[in-house]
Structures are given as C-alpha cells and as structure tokens.
Amino acid sequence: MPFMRADEMAELALRRVAASGAEYGDIRFLKSTIQTITGEDRRIASIRDSEDSGFGIRVLYHGGWGFAASSVLSLEEVPRLADLAVEIARGSASLANEKMRLVDEPVHRDGVVTPHRIDPFTVPLDQKSALLCEVMDQVQLQPEVVRSSARLWARRDRKLFMSTEGTRLEFDLLAVQGEFTATARYDGRFASRTCATPHLRMGYELIEAAKFPTHASRIASQAVEKVKAPAVRPGQYDLVLDPEHLALTMHESCGHPSELDRALGYEANYAGTSFLTPEKRGTFRYGSPQVNLVADNTEPETLAATGYDDDGVSCQRWDIVREGLFVGYCTNREVASKIGETRSRGSNRADSWGSVPIVRIANIGLEPGSASLDDLLADVKRGIYIEGHGSYSIDQRRYNFQFGGDAFWLIENGKRTHMLRDVIYHGITPEFWNSCDGVADRRHRGRYGFITCGKGQPGQSGWMTHAASHARFRRVAVIKG
Ligand SMILES: [Zn+2]
C-alpha cells in the first residue's frame, strides 16, 4: 500500500462513524499518478508527471449523506474528517424529505491489480519520446501535411476502500493510451486524421502492439484526401458506422439515458435528464431486434472493469437493450431500490479522492451480429461510411441528436468510393436505433474508452469503454455541417 498506516487510519475513522449511530460509512484512500508526453511538429512539446493523493469519507446517517475529504493523511486528520462527515450527514438527515437507503451487498475482501506485461512508468522517457518523434517525422513526409502531433498517456490509481460493513478492497489500476495526428492544408482549409489506441487498462504493451510508425503514411494520406474531399450533398443516406464512431453515438444516446439517477430526475446537470423513464422498462422498443446493448463491467482491459465500484459492489454484466427492447439501467446502492431491484449494478464511481461517487455509465457495448463489413456495404446503393468522432449535440432528454464524425466515405452500389467532408446526420434516438438492420460480427469488434465523460456538480470526469462492431442504419437524414 502506498499509504502509511492506511488500515489503522481507516479503522479509526470507521469506528467513529459506527459509534455516531450512522447506518453506513466508508473511507477511500486514492493516489493517482499520471504521465503525459506530448509531441508537436516533430518535437517533444511537453512532459508532464503529476501525482495526487488524499482520502474521502462517506457517511449515511438516518437516511442523510455526509462527505468530507482531505489531502492530509495523518492519524489526527482522518478522525477529524470522520467527525465532519458525520456532522454533515446529520445536517442532511434533518433536511431531507426522502430517506436514503442502501440495497444489500455481500462483504468483499479482495485485491485488484490490472494485468500488464510492461509497466508504462518503467519505460524510459527517451524510448517514448523517440517513438513520438519517429511517427511525427513519417507523417510529415507527405508534402501537404503541415502539422503533426503525437501523445502518450499513462495513469496508475492505487486505492484502498473500507466500509463499516467490513468490506476491504485494495486496488492497483493502470490505464494507457497513445495517438498521433496528421493535419493537411488545401485551398485555405485544414483537415486532420488521427490514429489512436483506445484508453485501456493494460500496460505499455498496448502502445507497442499499435505499431504507430506502420500506420503513419496511411493516416497522412487520409488527411490529404480528407482536406480535398467534396462536401456532402444533403439528403437521406444509409449509414455504415465504424466501432469508434458508434462508441460516441452509444455513449450519448444509450449510455447517459440509462443512468438511473438521471431517469429518476435526481441528476440534471450536463445535458439533462433521460427519456428512458422507469415505466418504459421492459416495454419500450428502443431499437430493432438486431440491437443488443449490453453493460459489461467485467470485460478485462476495459476502463470500468475495476473489480468493484466505489460503493464496494462487484462489477457485473447485464442487459440495457435486449433484441431492441429497453430492459435495464446503470445503478448504485442508493437508486437501485427505486426500481424494485434488490442489488446495485455496481456502477457508482468517483473521479478522485475528493469526489462523491455518482452513478456512471457502464462499459455499454453493441453486441456483434453475424454479417461481415463487406456484407453490410454490399447492400447499400447510396450511403456514407463514417469513422471516428466529430462534433455532436443532443437534447436534454437524449432524444433528438445530431452527430458528425472524423472521416466520411461515399458508398455507391455496395462499394466505398471517395471521401466526403462536412457530414452531419440527425435523428431521434429510438427511430435511429430502429433503423439498424445489420451489425457486423465479432471479428470487426473495436473498443473505445472515454476518460472525460462530464457529470455532476462539481463536475467529475467518468471513465468507461464502449465496444461495437460496424453497424448499418437505413435512410438517415444527412445535412452539410
Ligand atoms: Zn458522457
């Protein structure tokens, strides 16, 4: 454990919480280490190492929550903060018109370590910098590429969670990501293409396996083709969406509306509530029968697969949408009972020691179908193939949306032809997912992680991975962005 006498401090705090008459308390120590190396235009622009540690104590007293946090780890500070959290909880209990109650969870005593081959923090800076410089040099071999950038990122979270129920969980979690970008200029316009690994819970082997230099010339050529591409002609098109693009579409149109605190109206910050209200569960046709959206916080290497959430609930796999029918929510121990569930789905996470855990989107993914990508394309007369993320907007209930993308190709008579630019499609969430008539098989499955999902007040950044295979959507309205 990186925290001196953490168990002793935790037990001291939890004893005080229990003695106060509170029904529940937990303490979470967290030390986060982050390294980001950034390259710009063939040189290393910045190397940032940061470290942050502290602890937070949550108390539930007569149905009211209290939380207190501090970066001072000492045998004096911890009990002081425990008393403060109790006092705040007492205050909340006296004001609350609804008493909070936690659903049961077995007691867990466990340790979770991210499996990895190469610890990213042991790879020499010289080696990482040389990789970024090599790939930027190769990207800029293309004369029309006027800018290049590249980045490596790694984070380690060491955490100890203990509760008054007897749960004790110790974590050593890693996450890694890398990417590079080529920017081309033509006729006064600029366009970029990026080659990125997903953010995954792995070691530096993720970066090595990505073999960035072998992709440099393809990405550079695509940036040039993209900047010279003709603008799209507005109209109705069939869309074939790649896994990375679908990650964002799923995140916004399925992920956020399936957060139960939003659906109940408890959480309305950062783009609002949810159209997936509880009475729709089990009856609402969200998508076509090809659409199976599964939450899986147990899949190895994914961001939300941390073994246990910040309620001390073990990670699980469950259905959000089964054969097109809306069936499930992301929950925590507090909101699960509001829809009659007796156990939390284990999706309560905080982004730092100083943050209160809140309901977070799980690793929601689109289950693979049976088609190949060629099958999906073959049946399209006039369509657009979309890769990656672009601008998007979605309304307060996650109902009406529009999405861009990073790269677009015209599909004519079953074949991807040339690139297009300025494509934006819009729709209504259930109509869009009901227009899905094909999902590619497991060979086409890709995973994309988000580490900046904003929610809460004060704002927190959530982490989750969305997996999908390519999928086809019929007759979608496309405009010129
Ligand atoms: Zn989000």
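Shown above is the structure to which this text applies.
The structure reproduced in this document is the subject of the present report. Treat the numbers as computed from the prediction; the structure is a model and nothing was measured.

A short note on the nonpolar core
Part 1: By size, the foremost hydrophobic cluster in this structure holds 53 residues, and its most contacted members are Tyr286, Leu366, Ile384 and Tyr425.
Part 2: The biggest single contributor to this core is helix H6 (residues 243–255), with 5 residues.
Part 3: The residues contacting leucine 366, other than those within four sequence positions of it, are Leu246, Met250, Val291, Asn292, Leu293, Trp433, Val439, Ala467, Ala468, Ser469 and Ala471.
Part 4: Membership of the second largest hydrophobic core comes to 31 residues, among which are Ile37, Val135, Ala184 and Ala191.

Considering unusual backbone geometry
Part 1: Following glutamine 457, the chain continues to proline 458 via a peptide bond in cis, the omega torsion being 0 degrees.
Part 2: By secondary structure assignment, the location of proline 458 is in the loop between strand E22 (446–455) and strand E23 (460–468).
Part 3: The backbone phi angle of asparagine 413 is positive, close to 50 degrees, even though this residue is not glycine.
Part 4: Note that asparagine 413 resides in the loop between strand E18 (407–412) and strand E19 (415–420).
Part 5: When its relative accessible area of 57% is taken as the criterion, asparagine 413 is described as exposed.

Describing H6
Part 1: Between the first and last C-alpha of H6 there are merely 15 Å, a value that for 13 residues lags more than 12% behind the 18 Å anticipated at 1.5 Å per step.
Part 2: At threonine 249, H6 shows its maximal bend, which comes to roughly 25 degrees.
Part 3: Of all 13 residues making up H6, 12 are buried, and the element is well covered by its neighbours.
Part 4: Residues Pro243, His245, Leu246, Ala247, Leu248, Thr249, Met250, His251, Glu252, Ser253, Cys254 and Gly255 constitute the buried set of H6.

What about the coordination of the zinc ion?
Part 1: At the metal site, the zinc ion is ligated by His251 (NE2), His256 (NE2) and Cys453 (SG), and these contacts range over 2.0 to 2.4 Å.
Part 2: In the primary structure, the donors to the zinc ion are separated according to the pattern H-x4-H-x196-C. Here histidine 256, found in the loop between H6 and helix H7 (260–263), pairs with cysteine 453, found in strand E22; they are 197 residues apart in sequence, far enough to count as distant.
Part 3: Residue classification places cysteine 453 among the buried positions, given a relative accessible area of 4%.

Here's the deal with the side chain of threonine 331
Part 1: Along the polypeptide, threonine 331 turns up in the loop between strand E11 (325–326) and strand E12 (348–349).
Part 2: Here the side chain of threonine 331 touches arginine 345 through a polar contact of 2.8 Å, landing on its backbone nitrogen.
Part 3: Excluding residues that lie within four positions of it along the chain, threonine 331 makes contacts with Leu260, Ala336, Ile339, Glu341, Ser344, Arg345, Gly346, Ser347, Asn348 and Val359.

Digging into the packing of helix H1 (residues 6–19) against helix H2 (residues 77–95)
Part 1: The N-to-C vectors of H1 and H2 enclose an angle of 30 degrees; their axes lie 9 Å apart at closest approach. Taken together, the axes of H1 and H2 are roughly parallel relative to one another. Considering the relative orientation of H1 and H2, their crossing is right-handed. Residue-level inspection shows Met9, Leu12, Ala13, Arg16 and Val17 of H1 in contact with H2, the latter providing Val78, Pro79, Ala82, Asp83 and Val86.
Part 2: Broken down by class, the residue content of the contact of H1 with H2 amounts to 8 nonpolar, no polar and 2 charged.

The rules we used
- Residues numbered from 1 in each chain as written.
- Predicted model: local features only at pLDDT ≥ 70, side-chain atom pairs only at ≥ 80, totals over all residues.
- Heavy atoms only, no water.
- Core = buried A, V, L, I, M, F, W, Y, C linked by side-chain atoms within 4.5 Å.
- Buried < 20%, exposed > 50% of the residue type's maximum accessible area, 1.4 Å probe, protein only.
- Helix = DSSP H or I, 4+ residues; strand = E, 2+ residues; numbered from the N terminus.
- Contact = heavy atoms within 4.5 Å.
- Expected span 1.5 Å × (residues − 1).
- Bend = angle between axes of the 7 residues up to and from the residue.
- Donors = N, O, S within 2.8 Å, 3.2 Å for Na, K, Ca; no water.
- Polar contact = N/O pair within 3.5 Å; in protein donor to acceptor, adjacent residues only side chain to side chain.
- Axes fitted to C-alpha atoms, helices over the stretch in contact; angles between N-to-C directions.
- Parallel < 35°, antiparallel > 145°, perpendicular 65-115°, else oblique.
- Left-handed = near helix turned anticlockwise from the far one by under 90°.
- Nonpolar A, V, L, I, M, F, W, Y, C, P; charged D, E, K, R; others polar.

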